[in-house]
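# Descriptive structure summary
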Amino acid sequence: MQCPTSRVTETPAALRADLDARITVELASVVAGARRRAHRDGDGQIDTAHLLHSLVESDPEVRDVFADDGQVVRVLGYLVQRSIGYGLRWHGTVEDSGAMPRVAPGGLGGWSPPAVLAMERALRRAGRRGAERAAGVDLLASLAADAECRAVEVLSRAGVDAAALAWRIAGG
(Lines give C-alpha, C1' and ligand atoms only; values in the text may rest on other atoms or scores of the structure.)
Protein backbone atom coordinates (compact mmCIF):
# COMPACT_ATOMS: atom_id res chain seq x y z
CA MET A 1 0.00 0.00 0.00
CA GLN A 2 1.31 3.41 -0.92
CA CYS A 3 0.64 6.34 1.41
CA PRO A 4 1.18 10.07 0.92
CA THR A 5 4.31 11.45 2.51
CA SER A 6 5.52 14.79 3.65
CA ARG A 7 8.75 16.51 2.68
CA VAL A 8 12.15 14.82 2.72
CA THR A 9 13.54 14.47 6.21
CA GLU A 10 17.24 14.31 6.82
CA THR A 11 18.83 11.27 8.36
CA PRO A 12 19.86 12.20 11.92
CA ALA A 13 23.60 12.90 12.11
CA ALA A 14 24.36 10.16 14.67
CA LEU A 15 22.50 7.55 12.66
CA ARG A 16 24.16 8.71 9.44
CA ALA A 17 27.59 8.42 11.10
CA ASP A 18 26.77 4.89 12.32
CA LEU A 19 25.65 3.86 8.84
CA ASP A 20 28.74 5.41 7.26
CA ALA A 21 30.92 3.40 9.66
CA ARG A 22 29.26 0.16 8.54
CA ILE A 23 29.29 0.57 4.74
CA THR A 24 32.08 0.87 2.20
CA VAL A 25 33.04 4.24 0.78
CA GLU A 26 31.54 3.12 -2.53
CA LEU A 27 28.22 2.23 -0.91
CA ALA A 28 28.21 5.55 0.96
CA SER A 29 28.54 7.21 -2.44
CA VAL A 30 25.58 5.14 -3.70
CA VAL A 31 23.48 6.27 -0.73
CA ALA A 32 24.44 9.91 -1.34
CA GLY A 33 23.49 9.51 -5.00
CA ALA A 34 20.13 7.98 -4.06
CA ARG A 35 19.49 10.87 -1.65
CA ARG A 36 20.27 13.42 -4.39
CA ARG A 37 18.08 11.55 -6.87
CA ALA A 38 15.14 11.46 -4.43
CA HIS A 39 15.50 15.16 -3.74
CA ARG A 40 15.83 16.04 -7.44
CA ASP A 41 12.80 13.88 -8.32
CA GLY A 42 10.78 15.61 -5.62
CA ASP A 43 10.25 12.34 -3.77
CA GLY A 44 9.72 12.42 -0.02
CA GLN A 45 12.03 9.52 0.74
CA ILE A 46 14.84 7.43 -0.68
CA ASP A 47 13.18 4.28 -1.93
CA THR A 48 14.53 1.01 -3.27
CA ALA A 49 14.34 2.21 -6.89
CA HIS A 50 16.54 5.22 -5.99
CA LEU A 51 19.03 2.83 -4.38
CA LEU A 52 18.93 0.47 -7.38
CA HIS A 53 19.47 3.35 -9.80
CA SER A 54 22.46 4.66 -7.91
CA LEU A 55 23.90 1.13 -7.49
CA VAL A 56 23.65 0.19 -11.16
CA GLU A 57 24.85 3.58 -12.31
CA SER A 58 27.94 3.80 -10.11
CA ASP A 59 29.08 0.35 -8.92
CA PRO A 60 30.95 -1.82 -11.46
CA GLU A 61 30.76 -4.87 -9.14
CA VAL A 62 26.98 -4.57 -9.13
CA ARG A 63 26.84 -4.34 -12.94
CA ASP A 64 29.04 -7.45 -13.18
CA VAL A 65 26.42 -9.54 -11.33
CA PHE A 66 23.81 -9.12 -14.05
CA ALA A 67 23.54 -11.88 -16.66
CA ASP A 68 24.65 -9.56 -19.46
CA ASP A 69 25.18 -5.92 -20.39
CA GLY A 70 21.78 -5.86 -22.07
CA GLN A 71 20.10 -6.35 -18.71
CA VAL A 72 22.06 -3.45 -17.23
CA VAL A 73 21.06 -1.19 -20.13
CA ARG A 74 17.37 -2.16 -19.81
CA VAL A 75 17.40 -1.60 -16.03
CA LEU A 76 19.01 1.82 -16.43
CA GLY A 77 16.52 2.65 -19.18
CA TYR A 78 13.55 1.95 -16.90
CA LEU A 79 15.16 3.88 -14.07
CA VAL A 80 15.78 6.92 -16.27
CA GLN A 81 12.14 6.79 -17.37
CA ARG A 82 11.13 7.06 -13.71
CA SER A 83 11.74 10.80 -13.70
CA ILE A 84 10.02 11.39 -17.04
CA GLY A 85 6.82 9.45 -16.53
CA TYR A 86 7.28 5.81 -15.56
CA GLY A 87 7.65 6.60 -11.85
CA LEU A 88 5.18 9.46 -11.67
CA ARG A 89 2.58 7.16 -10.09
CA TRP A 90 5.09 6.77 -7.23
CA HIS A 91 5.59 10.52 -6.87
CA GLY A 92 4.44 11.78 -3.49
CA THR A 93 3.98 8.30 -2.03
CA VAL A 94 5.92 6.25 0.48
CA GLU A 95 7.12 2.88 -0.71
CA ASP A 96 5.69 0.18 1.53
CA SER A 97 6.14 -3.44 0.53
CA GLY A 98 4.60 -4.63 3.78
CA ALA A 99 7.94 -6.15 4.73
CA MET A 100 8.27 -4.09 7.90
CA PRO A 101 6.34 -1.65 10.08
CA ARG A 102 5.62 1.80 8.63
CA VAL A 103 8.02 3.42 11.10
CA ALA A 104 11.24 1.47 11.32
CA PRO A 105 12.55 0.95 14.84
CA GLY A 106 15.37 3.50 15.13
CA GLY A 107 14.71 4.01 11.43
CA LEU A 108 16.46 6.17 8.91
CA GLY A 109 14.65 9.46 8.43
CA GLY A 110 14.05 10.19 4.77
CA TRP A 111 14.07 6.48 3.79
CA SER A 112 11.13 4.28 2.81
CA PRO A 113 10.56 1.27 5.09
CA PRO A 114 11.65 -1.23 2.37
CA ALA A 115 14.82 0.81 1.75
CA VAL A 116 15.63 0.67 5.48
CA LEU A 117 14.98 -3.07 5.49
CA ALA A 118 17.23 -3.55 2.45
CA MET A 119 20.07 -1.65 4.13
CA GLU A 120 19.64 -3.65 7.36
CA ARG A 121 19.75 -6.89 5.35
CA ALA A 122 22.84 -5.70 3.48
CA LEU A 123 24.60 -5.03 6.78
CA ARG A 124 23.67 -8.50 8.07
CA ARG A 125 24.76 -10.11 4.79
CA ALA A 126 28.14 -8.41 5.02
CA GLY A 127 28.53 -9.69 8.59
CA ARG A 128 27.73 -13.26 7.48
CA ARG A 129 30.49 -13.08 4.90
CA GLY A 130 32.88 -11.77 7.55
CA ALA A 131 33.12 -8.25 6.19
CA GLU A 132 33.20 -5.24 8.47
CA ARG A 133 31.33 -3.10 5.95
CA ALA A 134 28.47 -3.71 3.56
CA ALA A 135 29.18 -3.26 -0.15
CA GLY A 136 26.99 -2.54 -3.15
CA VAL A 137 26.49 -6.21 -3.99
CA ASP A 138 25.21 -6.79 -0.44
CA LEU A 139 22.60 -4.09 -1.00
CA LEU A 140 21.67 -5.45 -4.45
CA ALA A 141 21.14 -8.92 -2.95
CA SER A 142 18.92 -7.37 -0.28
CA LEU A 143 16.89 -5.40 -2.81
CA ALA A 144 16.37 -8.51 -4.95
CA ALA A 145 15.11 -10.39 -1.87
CA ASP A 146 12.03 -8.16 -1.40
CA ALA A 147 9.68 -9.25 -4.16
CA GLU A 148 7.25 -6.41 -3.35
CA CYS A 149 9.66 -3.46 -3.49
CA ARG A 150 9.95 -0.90 -6.27
CA ALA A 151 13.46 -2.07 -7.18
CA VAL A 152 12.18 -5.56 -7.98
CA GLU A 153 9.33 -4.05 -9.99
CA VAL A 154 11.91 -2.16 -12.06
CA LEU A 155 14.07 -5.28 -12.44
CA SER A 156 11.05 -7.30 -13.57
CA ARG A 157 9.94 -4.69 -16.10
CA ALA A 158 13.48 -4.71 -17.49
CA GLY A 159 13.34 -8.48 -17.93
CA VAL A 160 15.56 -9.36 -14.97
CA ASP A 161 14.50 -12.26 -12.77
CA ALA A 162 15.21 -10.93 -9.27
CA ALA A 163 15.30 -14.42 -7.76
CA ALA A 164 17.87 -15.57 -10.33
CA LEU A 165 19.87 -12.40 -9.71
CA ALA A 166 19.89 -13.08 -5.96
CA TRP A 167 20.96 -16.67 -6.66
CA ARG A 168 23.88 -15.47 -8.82
CA ILE A 169 24.97 -13.05 -6.10
CA ALA A 170 24.87 -15.88 -3.54
CA GLY A 171 27.29 -17.79 -5.75
CA GLY A 172 24.72 -20.22 -7.14
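## Examining helix H9 (residues 162–169)
Ala162, Leu165 and Ile169 are the residues of H9 that are buried. An end-on view of H9 places all buried positions within 60° of arc, on one side of the element. In this structure, H9 carries Ala163 and Trp167 as exposed residues pointing more than 90 degrees from its buried face. Looking at the buried positions of H9, the neighbouring elements they touch are helix H4 (60–65), helix H6 (113–128), helix H7 (136–145) and helix H8 (150–157). The backbone nitrogen of Ala163 has a side-chain oxygen 2.9 Å away, supplied by the residue at the start of H9, namely Asp161.

## Regarding a negative patch on the surface
Taken together, Glu26, Glu61, Asp64, Asp68 and Asp69 make up a surface patch of like negative charges. Position of Asp64 relative to the elements: it lies in helix H4. Here Asp64 falls in the exposed class, since its relative accessible area comes to 62%.

## Examining the packing of helix H2 (residues 25–41) against helix H3 (residues 48–58)
Each packed pair of helices is defined by two parameters, the angle between the axes and the distance between the axes. It is at 8 Å that the axes of H2 and H3 come closest, and there the two elements cross at 125°. Here H2 lies oblique to H3, going by the angle between them. Like other packed secondary-structure pairs, H2 and H3 cross with a definite hand, here right-handed. Along the contact surface, H2 presents Leu27, Ser29, Val30, Gly33, Ala34, Arg37, Ala38 and Asp41, while H3 presents His50, Leu51, His53, Ser54, Leu55, Glu57 and Ser58.

## Quick notes on the confidence of the model for the protein chain
Residues with a pLDDT of 70 or more make up 73% of the protein chain, whose mean pLDDT is 81. Mean pLDDT across the elements of the protein chain bottoms out in strand E1 (residues 3–4) (32) and peaks in H7 (97). Segment residues 1–12: pLDDT under 50, and 35 contacts once partners within four positions in sequence are set aside and those in other chains are kept. In this model residues 97–107 is a low-confidence stretch, pLDDT under 50, and it forms 20 contacts with partners more than four residues away in sequence or in other chains.

## Topic: the nonpolar core
Formed by 44 residues in total, the largest nonpolar core has its most connected members in Leu52, Phe66, Val75, Trp111, Leu139 and Leu140. Taken together, the elements giving at least two residues each to this core come down to H2, H3, H4, helix H5 (69–86), H6, H7, H8 and H9. The leading source of residues in this core is H6, at seven residues.

What counts and how
- Residues numbered from 1 in each chain as written.
- Predicted model: local features only at pLDDT ≥ 70, side-chain atom pairs only at ≥ 80, totals over all residues.
- Heavy atoms only, no water.
- Buried < 20%, exposed > 50% of the residue type's maximum accessible area, 1.4 Å probe, protein only.
- Helix = DSSP H or I, 4+ residues; strand = E, 2+ residues; numbered from the N terminus.
- Arc of directions from axis to C-beta.
- Contact = heavy atoms within 4.5 Å.
- Polar contact = N/O pair within 3.5 Å; in protein donor to acceptor, adjacent residues only side chain to side chain.
- Patch = residues over 30% accessible without salt bridge, like charges linked within 9 Å, V, L, I, M, F, W, Y side chains within 5 Å.
- Areas by Shrake-Rupley, 256 points an atom, 1.4 Å probe, with all protein chains shown as cover.
- Salt bridge = Lys/Arg side-chain N within 4 Å of Asp/Glu carboxyl O.
- Lys, Arg positive; Asp, Glu negative; His and termini not counted.
- Charge placed at Lys NZ, Arg CZ, Asp CG, Glu CD.
- Axes fitted to C-alpha atoms, helices over the stretch in contact; angles between N-to-C directions.
- Parallel < 35°, antiparallel > 145°, perpendicular 65-115°, else oblique.
- Left-handed = near helix turned anticlockwise from the far one by under 90°.
- pLDDT = per-residue confidence, 0-100.
- Core = buried A, V, L, I, M, F, W, Y, C linked by side-chain atoms within 4.5 Å.

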